[in-house]
Structure formats: C-alpha cells, structure tokens
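Below, each chain spelled out in residue letters.
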Amino acid sequence: MTTLARSAVSRGITPGRVGLVAMLIAAYGLVPFVGSDYVLDALLTPFLALALAALGLNLLTGYAGLVSLGSSAFLAVGAYAAFNCNVRLQELPLLASIVAAGLVAAAVGIVFGLPSLRLRGFYLAVSTLAAQFFVQWALTKFGWFSNNNPSGVIDAPALTLSGLTFSSAVGRYVVSLTVVVVATLLAARLLRSQVGRNFIALRDHEIAAKVIGVPLLRTKLLAFGVSSFLIGIAGVLWAFAYLRTVEPAGFNLDRSFEILFIIIIGGPASIRGAFLGAAFMVVLPLLLSRLGAALLGDVFDSGVLEMSQRIVIGALIAGILIAEPRGLISLVDRLADRIRHRLSRPLRNPTQP
Amino acid sequence: MRVMATAGNEALIATRARATEAARQAGGAPAAADSARVADTGVPVLALQGISLSFGGVTALERIDLSVAKGEIRAIIGPNGAGKSSLLNVVSGLYRPDQGMVRLGSERFTHVPAVRLAALGVARTFQNLALFKGLRVLDNVVMGLVARRRSGFVRQILSTPLARREEIEACAAAEEAIAFLHLDAVKHQLAGGLPYGIQKRVELARALVARPQLLLLDEPFAGVTVGEKQELATHVRNARDAYGTTIVLIEHDIGIVMGLSDRVAVLDYGRKIADGVPAEVRSDQAVIDAYLGVAHEGETELVI
C-alpha cells in the first residue's frame, strides 16, 4: 500500500532517493570492507571533510549569495576549538567537542559576517579575508590555542566514542562519514525550510526580500553562522580524522580558494554539487599524476604536478563559469535525464520500479 | 480565452460581493456599489501630506498630497520622470522624504520603515521584476507570507508543530493565490525561466498572498503585450473585488488606466497637476498639456 502510493506519488523523486540510499549502503556496508587503507585515508576521508566544508560555504555563497574567502579560517577555528575542548575539558565526549567546535566556529563566523550588513559582492569577499589572516595570525601568535606548542602545531587525540576507539583508517572514515551524513541531512532540511527560501531570496533580490519582510540582518548572520558551523565541523574532521597533525599554516588562503573552487566546479546552490566538486578536487591530482607519469615519464615530478593541477583547475573554472555556471552537477543531471529518458521508453511496463 | 480565465474567479468574487453587501446593509449604508466605493470617506488606507523629496538639487516630488480610500483602485500617472516611482518608494519606505508625512491606516510616519512594511499590511511589486529567480513559482509566492512566520530556524530544522503548521498554511495560501492568478501550470517551475508576462503575474501573486490592505503596483503593465495587459488588468480588478485590497498603481499608459481605476492622480515634474475620476482627468487641460508636451519643451512622449 505504502510502496504503491510512494511509487505513484514520487515518480520523479524516487531515482534520487534510491540513489542516495544505495550510496549510503555502499558507503557503510561495502567501502569499509573493500577499500584499502590508502583509499580510505588519502581519498575518502579528505573527500568527506572537504565536501562538508564546501557544503558549508555553499550555504553562504551558493544559496545566500554572500561570497566568502575565509572558509579556511573557520576550518582552523573548528580544528583548534575541538583540540582545546579535548585538552581542557577531558571528560567531554568527542561528539560534544565536535558540536562545540562547530558552535565556536559559528560565533567567529557571525563576527566576521557583520560587514555583510553593509558590504556586498567583491567588497564583502575582500572583507572576509580579514578572517583568513586574523585567525591564522592569532593561532600562531597565542600559544594558548595550541597548548603552548612553539609552532602552533596540534596533534589530534585518538577518536573515541563511548569507549570504542576509531583510530584505524576504517574507524576514522566511518566517524567522518557519519558526521558528514548527519550534518548534510540537517543542512538539507534547513534549505528546504523557510530559512532556505530566505537565503535564496536574499541572493536573488535583496530589496524585494526586505520589503516582503525577510529579516535581512538576521538572515545574513544566520547564513554566516550555519555556514561556519558546518565548516568548523569539517575542520575537526580535517584535523582529527584526516591529517591528525595540523599547523595554522595549513589553513591558508589556498585552502579557502580550494573550497570556493569546489562549489564553483561542482555547482553553486547544490548540495550534491558540493560533494561532486569535492570528489573532483580529491581525485584530480591523482588522475593528473598518473596521466603525467604515463605520458611524460620522469619529467612529471611533484612540482610539475602541482603546477599542472593549478593550470587545469584554472582553465576548468574559466570554462565552467562561461559554459555551465551551474557546475558539473547540472551536466550530470542532464546526462542522467537523457539516460532515464532513453531507458524509460522501452521499459514502460511496471515490472521495473 | 480571457473569459475563461475570469470565470474561475467569479464564485469567489460573488461570495465577497455578497459579504460586503451584507455588511453594508447591516451598517445601514446605501448599497450603491461602485459610487459608494469611490465616495467612501472613512479613514483613508493611505494618506500623503506635503511629501517633498529631492536628490541633490533635483526635485523629484514637491508637496504631494494624496488620499487613497479603502477598496479603491487608484492610479498615479504621468510622463517619464514625473516622480511616480519616487512616490511609491516613499510609501514603501525605500526613500525617506525630505518633508511630509505618510499615513498608513492609523499610523503616521515621516519615514516608513521598509522592514515593517509587510507587517503594516502593505505589499508592492517592482517596475522591473523583482522575483526570486532561483525559487520555484510556488516558493516565490510562499515568500510573500514570510512576515507572518513566528518559528525560528531551530524550530524549522526540528520541524516542530508550529513550524509545520506555518509551512502548511503558507503553502495552502500560496496555492490559492496561484489558482487565483491561473499559474497552476507553472507553479513547480523556476520563476527566472518564465516569460515576462507570467513573471509579472507571479509577482502579483506573491504580493497578494498575504492579503495586504494596500497593494502598490509599480508599472504593472510595462513591457507586456496588449493581450496580457487586458488580462493583467482583469486580475488586478479581481484582486480588489475578491480580497477587498486597496490598490495604488503607477502607469504611463493612460488608456489602460482609465478603464481600470476609480480615481486618477496625475504627476508632472514632481507636482500633482490633477486628481479625480478618469473622465475629469482625461479632459483636464493641464494633463493634456503634460502629455502632449505643450507645457514643457522636449517632452514629446505620447502614450495613449
């Protein structure tokens, strides 16, 4: 009865939902057993952290239209806040540290979001650079943040949840996956609510939004807060689950740009776009190095790899901004539509759900 | 086609008309529908007193007085640059007048607070569409009710009963407004991809969904085809008849305004040069001069 109703009502949604559930099943049931430590450690865990950071920035930039170049600062705030929670409040469970880190990042994000009440577009982007430089400076300057490590380096504690330790590659992957899934579901829910509409209204026509009664100040600061919250949590994953030893210099402007490029490439104002873009960003260097090694042999060392990576990403961003402003995800969608179209014509009989 | 379009609303309008009729009889007032509406001398929905506005040395508005009675369709016309849009922006709080007072219902303002506009029961549309292009038509119309929301973002994430009820009510109201303006066919499409005339209607729906006391329309007929103009005019009149909304509209196409409005005010160079029922205004020498360019050299626009 319910399945009947569902298949009838949501014909259009079903493929997406089925795909999502299938991916989750694979991510939990297959990947931890099949994936090698290398794949989990060097690909999937950073992918998850970057995807969450990109999702956070997408909320702010893609949905609410407020461009930020300070994402890396909020990653750092999240990482260092979780580290300090862990060091100074020993009895605080890991989950609470993660949430607290997100809240600290949100608070910092709201402070640095204050200029958005007056600035817009390019000028706002430049003002968010303040966050970038200030946070990096503060973390290096004040030893308290890194528990008096001379160079500001922090070592992540082992990931333990209610007595269970998740320090293996698989464990860290599963923790990251779970945090990212929960955070993404909450973000998706927020975007479907009135708040999500307010974000887009703000982006598309600020004056109309104001006249219609959207509380501009509150909505903008909320966008900064929620965005930084998610990026802060991504920072915890980046530091605790992926790198495990981080220094302030690791959270530099390059990282902020990387996250911004993820949403431009993947697709602004799209949750799936953030994931696709992050996957692309993680896989690209690998593809390039394999390709380069195969084509050029020894000439293609790590220096050349880095340069070629920048060139490819730069060219890609220029190309995407011109040809497909809605990012790779809209290409994927169109392709999927075409395939579905072709499949659904001969397979119209109801045996196929 | 147009007859079909209006037929859908007749039931609603008829019910409204009966209700007003009953109310009028209960109050002992004579039931002469149209003249009563125009001559309604109760508290005006909108009153402007001595509004002046200038940008630098350029005077946009000069001591404008205007009174808009409840339930009337009031047009403000004038050649380009006469100050019509400035006037609307003063009423909606986007501009602060140098002098004068705006009265909305029982409240008086020297500067109308734009953020409270919706709460004051005022909605407006914009001269060059101001839709949220990245939202579906339905979501655009739901946005029109944003000022009524009481649940904050935490409640919305947790989907508490209050948040759920608000969402359901907003969607129901939006569906009604969408049906009222015959937008059902496009309600799941992104607003940005629709033809101009349809977008104008979506903007009207977004403004109407909150059942405003006062609706300000900034050149609702600009840039649409002749057929769409007639259709939009019908929708505007239906909106007044069905919801009892008082409507102030700006236009420089005299033809469409004359048939639609109860009263017409004419602006020229920031001053009000005429105010009255369409027939009076049409034969007013100052108006004819303003439009035909007799009084001012170089103003050769002729829009009839």
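The present account deals with the structure reproduced in this document. Along each chain, residues carry numbers from 1 onward, in the same order as the chain's sequence is written. As they are written, the chains are lettered A onward and the ligands numbered 1 onward, keeping that order. The predicted origin of the model limits local features to residues at a pLDDT of at least 70 and limits the giving and counting of side-chain atom pairs to 80 or more, whereas totals for whole chains, interfaces and linings rest on all residues.

Details of the overall build of chain B
The test is simple: Strands are runs of DSSP state E lasting at least 2 residues, helices are runs of H or I lasting at least 4, and numbering of each runs from the N terminus. Buried, partly exposed and exposed are defined by the number of other C-beta atoms within 10 Å of a residue's own C-beta, namely 20 or more, between the two limits, and 12 or fewer respectively, with C-beta atoms placed from the backbone. We call two residues in contact whenever the C-beta atoms placed from their backbones are within 7 Å.
Scanning chain B from N- to C-terminus turns up 11 helices and 10 strands. Put simply, chain B has 304 residues, and 44% of those count as buried. Taking the contacts inside chain B whose residues are at least 6 apart along the sequence as the reference set, 69% of them involve residues at least 24 apart.

Digging into the nonpolar core
Residues and elements named next belong to chain A. Quick reminder of the rule: Definition of nonpolar core: a set of buried Ala, Val, Leu, Ile, Met, Phe, Trp, Tyr and Cys residues joined via C-beta atoms within 7 Å.
With 190 residues, the main nonpolar core has A51, L52, A54, L230, I233 and L237 as its most contacted residues. Here this core takes 16 residues from helix α10 (residues 216-243), the largest share from any one element. Ignoring anything within four residues of it in the chain, the contact list for L52 reads V180, A183, L230, I233, A234 and L237.

Notes on the sheet that holds strand β1 (residues 46-55) of chain B
Residues and elements named next belong to chain B. Filter applied, for reference: One bridge is not enough; two strands pair if DSSP finds at least two bridges between them. Orientation is described by axes fitted as lines to C-alpha atoms, over the contacting stretch for helices, and by angles from 0 to 180 degrees between their N-to-C directions.
In spatial order, the strands read β2-β1-β4-β5; together these four strands make up an open sheet with antiparallel pairing. A strand with exactly one partner marks an edge of an open sheet, and here the two such strands are β2 (58-68) and β5 (107-109). Each neighbouring strand pair of the sheet contributes to a mean axis angle of 20 degrees, computed without reference to strand direction. Taken together, the five bridges between β1 and strand β4 (residues 99-104) define a ladder with antiparallel strand orientation. Bridged to S52 within β4 is Q99.

Focus: the packing of helix α12 (residues 271-296) of chain A against helix α13 (residues 302-323) of chain A
Residue and element names in this part refer to chain A. Our working rule: Each angle receives one of four descriptions, namely roughly parallel if under 35 degrees, roughly antiparallel if over 145, roughly perpendicular if within 65 to 115, and oblique otherwise. In this scheme, a crossing is called left-handed if the near helix is turned counterclockwise away from the far one by less than a right angle; it is called right-handed if the turn is clockwise. Only Asp, Glu, Lys and Arg are considered charged in this grouping, and only Ala, Val, Leu, Ile, Met, Phe, Trp, Tyr, Cys and Pro are considered nonpolar; every other residue, Gly among them, is considered polar.
Axis separation between α12 and α13 bottoms out at 10 Å; the angle between their running directions is 120 degrees. One element, α12, and the other, α13, form an angle in the oblique class. The two elements α12 and α13 cross, and the hand of that crossing is right-handed. Here L284, P285, L288, S289 and G292 of α12 come into contact with α13, specifically with V304, L305, S308, Q309 and V312. Partitioned by chemical class, the residues of the contact of α12 with α13 number six nonpolar, four polar and no charged.

Quick notes on the pairing of strand β9 (residues 263-268) of chain B
Residues and elements named next belong to chain B. Buried residues dominate β9, accounting for six of its six residues. By the alternation rule, side chains of β9 split into R263, A265 and L267 and V264, V266 and D268, which are all buried. As paired strands, β9 and strand β10 (residues 271-276) are joined by five bridges and run antiparallel to one another. Paired with V264 across the strands is G276, a residue of β10. Taken together, β9 and the strand that follows it, β10, pair antiparallel across an intervening segment of two residues, in which Y269 is found at a positive phi of about 50 degrees.

Regarding the interface of chain A and chain B
Between chain A and chain B, the residue contacts involve 22 residues of the former and 24 residues of the latter. Breaking the side of chain A that touches chain B down by element, the ones donating at least two residues are α7 (169-192), α8 (194-204) and α9 (206-212) of chain A. A per-element tally of the side of chain A that touches chain B places α8(A) first, with eight residues. Across the side of chain A that touches chain B, the residue classes tally to 12 nonpolar, five polar and five charged.

Brief notes about the pairing of strand β7 (residues 214-218) of chain B
Residues and elements named next belong to chain B. Burial of β7 is extensive: five of the five residues sit out of reach of the surface. Here β7 shows no split at all, with L214, L216 and D218 on one side and L215 and L217 on the other all buried. Two elements, strand β6 (residues 122-124) and β7, share three bridges in a ladder whose sense is parallel. Across the sheet, R124 pairs through a bridge with L216, a residue of β7. Alignment of β7 against strand β8 (residues 246-251), held across five bridges, turns out to be parallel. Note that in β8 the partner of D218 across the bridge is I250.

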